[in-house]
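Residue-level structure breakdown
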Amino acid sequence: MTWLDPHPFLRGVAWLDRGRPVRADPADAGRLPWDAWERATLPIGVRLEFTAEDAAAVEIRYRASPPGESDALRELPHCFALWQDGRCVSETITEPAAESVVTLALPGSSAAPFTVHPPESVAPEILGLRAVGGSIAPAPRQPRWLVHGDSITEGWWSTRPAHSWPATAGRRLGLDTVNLGYAGCAHGEPALAEQLASLDADAITLAFGTNCWSSTPCSAPLMYETVRTFLTLVRQGHPRTPLLVVSPVLRPGAENTPNRLGATLADLRTAMERAVMDRREGSDGQDADDWLALLPGRDLLGAGQLADGVHPDDEGHAVLAAAVAEALPSARPNG
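Here the residue numbering is sequential within each chain, running from 1 through the sequence in written order. Since the coordinates come from a predicted model, pLDDT governs what is reported: local features require at least 70, and pairs of side-chain atoms require 80 or more to be given and counted, while whole-chain, interface and lining totals use all residues. The basis for the side-chain values is all heavy atoms of the structure; hydrogens and waters are excluded.

1. Description of the overall build of the protein
Which entries qualify depends on this criterion: Each helix corresponds to a stretch of at least 4 residues labelled H or I by DSSP, and each strand to a stretch of at least 2 residues labelled E; elements are numbered beginning at the N terminus. C-alpha atoms define the radius of gyration in this analysis, and the globule rule sets the expected value at 2.2 Å times the number of residues to the power 0.38. Think of it in three bands: residues with accessible area under 20% of the maximum for their type are buried, residues over 50% are exposed, and the middle band is partly exposed, with areas taken using a 1.4 Å probe on protein chains only. Any two residues having at least one pair of non-hydrogen atoms within 4.5 Å are treated as being in contact. In this description, accessible areas are obtained by the Shrake-Rupley approach with a 1.4 Å probe, and a residue is regarded as covered only by the protein chains that are shown. Under this rule, positive means Lys or Arg and negative means Asp or Glu; His and the chain ends count for nothing. Charge placement uses NZ in Lys and CZ in Arg. For Asp and Glu, CG and CD serve respectively.
Of the regular secondary structure elements, the protein holds seven helices and 16 strands. The C-alpha radius of gyration of the protein comes to 20 Å, within 12% of the 20 Å expected for a compact globule of 335 residues. With the C-alpha coordinates aligned to their principal axes, the bounding extent of the protein is approximately 60 × 50 × 40 Å. The proportion of buried residues among the 335 residues of the protein is 56%. Considering only intrachain contacts with a sequence separation of at least 6, the fraction spanning at least 24 residues in the protein is 77%. About 13,900 Å² of surface is accessible on the protein, with carbon and sulfur atoms providing 52% of the total. Across the protein, 28 positive and 42 negative side-chain charges occur, with their mean positions spaced 2 Å apart.

Right under this line is the structure:
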């Protein structure tokens, strides 16, 4: 059977760069920090979604970038995870290869759509897919949810791509999650806000701030203005799109420790939350934003749910996903 074009099956796609999904606008890459663009070239959150009729299996042809012998990513399982009805049906472990075909058996007990999460650690480019017996078709599209943040949003320390908090919350809410998390970045860059504003979206979540304490330090006043600016730019493209801001989750080593500009993470979190509430209430000189909601992050996770003192483990990602899934629908006009 002829290989099918993968693009109608792909979900979680923000932009394409010569046919390959990327997570920042390639036409605007020159305005981004180099590390943000580097992270954006990884297909985090990109997946395949399809329905099947009388198909015993699906074959996926892909091209990957195998890690080198000394690369820490080589130790991660190169796993194609098949999901259906909110649960993992099977996992197929493959060996890193430049180009290969993986076959995933399909259960025949449900007509619900299937989702395949590829192994993000080898940055696979899906080249084609086809049914083994029967047929497959692209799954119906769901409302689009843009999720911007840092390495926590990108899913660090979740054991599988499908276990990250954006993927988990998206499944729960029935949304097409577009993961725009950039590890080591997400400092409130205006260029990223403008790129978010340019994308179609039915809901948006912003969850950055912890890197503003460390890698690129902010003072509390700077954090306040950064959040105001970011919201203003996003709203230029999405004036009435439900928008949820999640302030930084617990980071024990930073909560009461001043950074190089004298701000603790607690200070920065307070500044972010104040900026959001001032915008929501219209007390910052802008019109009140009834479509804006805040989820305070400090008490969402405990220290025991952080794998390394910064990033959640699988339990932490699940807890964070549940909190976001509950808070996101509240981003609706008052009354």
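There is more to say, and it comes next.
2. Structural notes on the pattern of salt bridges
Keep this limit in mind: Whenever Lys or Arg places a side-chain nitrogen within 4 Å of a carboxyl oxygen from Asp or Glu, that contact is recorded as a salt bridge.
Throughout the structure, instances matching the rule amount to 21 salt bridges. The salt bridge partner of Glu49 is Arg47, with a shortest N-O separation of 3.1 Å. The burial state of Glu49 is the same as that of Arg47; both residues are buried. Residue Arg61 is joined to Glu99 by a salt bridge in which the shortest nitrogen-to-oxygen separation is 3.6 Å. A residue pair is termed long-range when its members are at least 10 positions apart, and Arg61 in strand β5 (residues 57-63) and Glu99 in strand β8 (residues 99-105) qualify at 38 residues. With relative accessibility at 24%, the residue Arg61 sits in the partly exposed group. Classification of Glu99 as partly exposed rests on a relative accessible area of 45%. In this structure, a network of salt bridges that share partners links the residues Arg20, Arg61, Arg63, Glu99 and Glu125.

3. As for the sheet that holds strand β10 (residues 125-132)
The criterion, for reference: Strands are labelled as partners when DSSP assigns at least two bridges between them. Here the axes come from fitting lines to C-alpha atoms, over the contacting stretch only for helices, and the angles between their N-to-C directions go from 0 to 180 degrees.
Strand order in the open sheet formed by three strands is β8-β5-β10, and the pairing between neighbours is antiparallel. Edge positions in the sheet fall to β8 and β10, since each of these pairs with one other strand and no more. Strand-to-strand, the axes of this sheet are offset by a mean angle of 20°, without reference to chain direction. The pairing of β5 with β10 spans seven bridges and is antiparallel. Pairing of Ala57 across the sheet is with Val132, part of β10.

4. Comments concerning the side chain of Glu154
The condition is simple: Side-chain atoms alone can form a polar contact between residues adjacent in sequence; in general such a contact is a pair of N or O atoms within 3.5 Å, and within protein one must be able to donate a hydrogen while the other accepts it.
The topology assignment puts Glu154 in helix α2 (residues 151-154). Assessed through its relative accessible area of 4%, Glu154 is described here as buried. A polar side-chain atom of Glu154 sits 2.9 Å from a polar atom in the side chain of Trp156. In terms of polar contacts, Glu154 uses its side chain to reach the backbone amide nitrogen of Ala183, at 3.4 Å.

5. Details of the pairing of strand β13 (residues 176-181)
For β13, the tally of buried residues reaches six of six residues, placing the bulk of the element in the interior. By the alternation rule, side chains of β13 split into Asp176, Val178 and Leu180 and Thr177, Asn179 and Gly181, which are all buried. Where strand β12 (residues 144-149) and β13 come together, six bridges link them in parallel fashion. Bridging from a neighbouring strand, Arg144 pairs with Asp176 of β13.

6. A look at the packing of aromatic side chains
Test applied: Between rings of Phe, Tyr and Trp, where Trp is taken as its six-membered ring, a pair exists when centres lie within 6.5 Å; planes separated by under 30 degrees are stacked, by over 60 edge-to-face, and by other angles tilted. For a lysine, the NZ atom is tested; for an arginine, the CZ atom; a charge sits over a ring if that atom is within 6 Å of the ring centre and within 35 degrees of the ring normal.
One pass over the full model with this rule turns up four aromatic pairs. Centroid distance Phe50 to Phe114: 5.5 Å. Interplanar angle 25°. Geometry classified as stacked. Highlighted residues: Phe50 in strand β4 (residues 47-53) and Phe114 in strand β9 (residues 114-117), separated in sequence by 64 residues. For Phe50, a relative accessible area of 0% corresponds to the buried category. The exposure class assigned to Phe114 is buried, which follows from its relative accessible area of 2%. Taking the ring centre of Trp83 as reference, the NZ or CZ of Arg171 above it sits at 4.0 Å.

7. Observations regarding the layout of surface pockets
Counted only if it meets this: Every definition here rests on a 1 Å grid over the protein atoms only: cavities are sets of points where a 1.4 Å probe fits but cannot get out, pockets are open sets enclosed by protein on both sides within 12 Å along at least five of seven lines, and lining residues have some atom within 4 Å of a point. Grid points are joined across faces, edges and corners, and a volume is the space filled by probe spheres set on the points.
Estimated volume of the second largest pocket: approximately 370 Å³. Lining the second largest pocket are 21 residues, and of these Glu49, Pro113, Thr115, Gln142 and Arg171 sit closest to its centre. Those elements that place two or more of their residues in the lining of the second largest pocket are β4, β6 (79-84), β9 and α3 (165-173).

8. Thoughts on the sheet that holds β13
Pairing is parallel in the open sheet, where five strands are placed in the order β13-β12-β14-β15-β16. The sheet terminates laterally at β13 and β16 (292-295), the two strands that pair on one side only. Each adjacent strand pair in this sheet contributes to an overall mean axis angle of 15°, direction not counted. Here strand β15 (residues 243-246) runs beside β16; their pairing, made up of four bridges, is parallel. By the bridge assignment for β16, Leu244 is matched with Ala293. In the packing of α3 onto the sheet, the strands contacted are β12, β13 and β14 (203-207), and the crossing angle to β12 comes to about 160°.

9. Concerning helix α6 (residues 265-281)
Note the cut-off: A helix is expected to span 1.5 Å for every residue after the first.
Between its terminal C-alpha atoms α6 stretches 24 Å, which fits the 24 Å expected from 17 residues at 1.5 Å a residue. Taken residue by residue, α6 has Leu265, Leu268, Arg269, Ala271, Met272, Glu273, Ala275, Val276, Asp278, Arg279 and Arg280 as its buried positions. Packed against the buried residues of α6 are α5 (220-237), β15 and β16.

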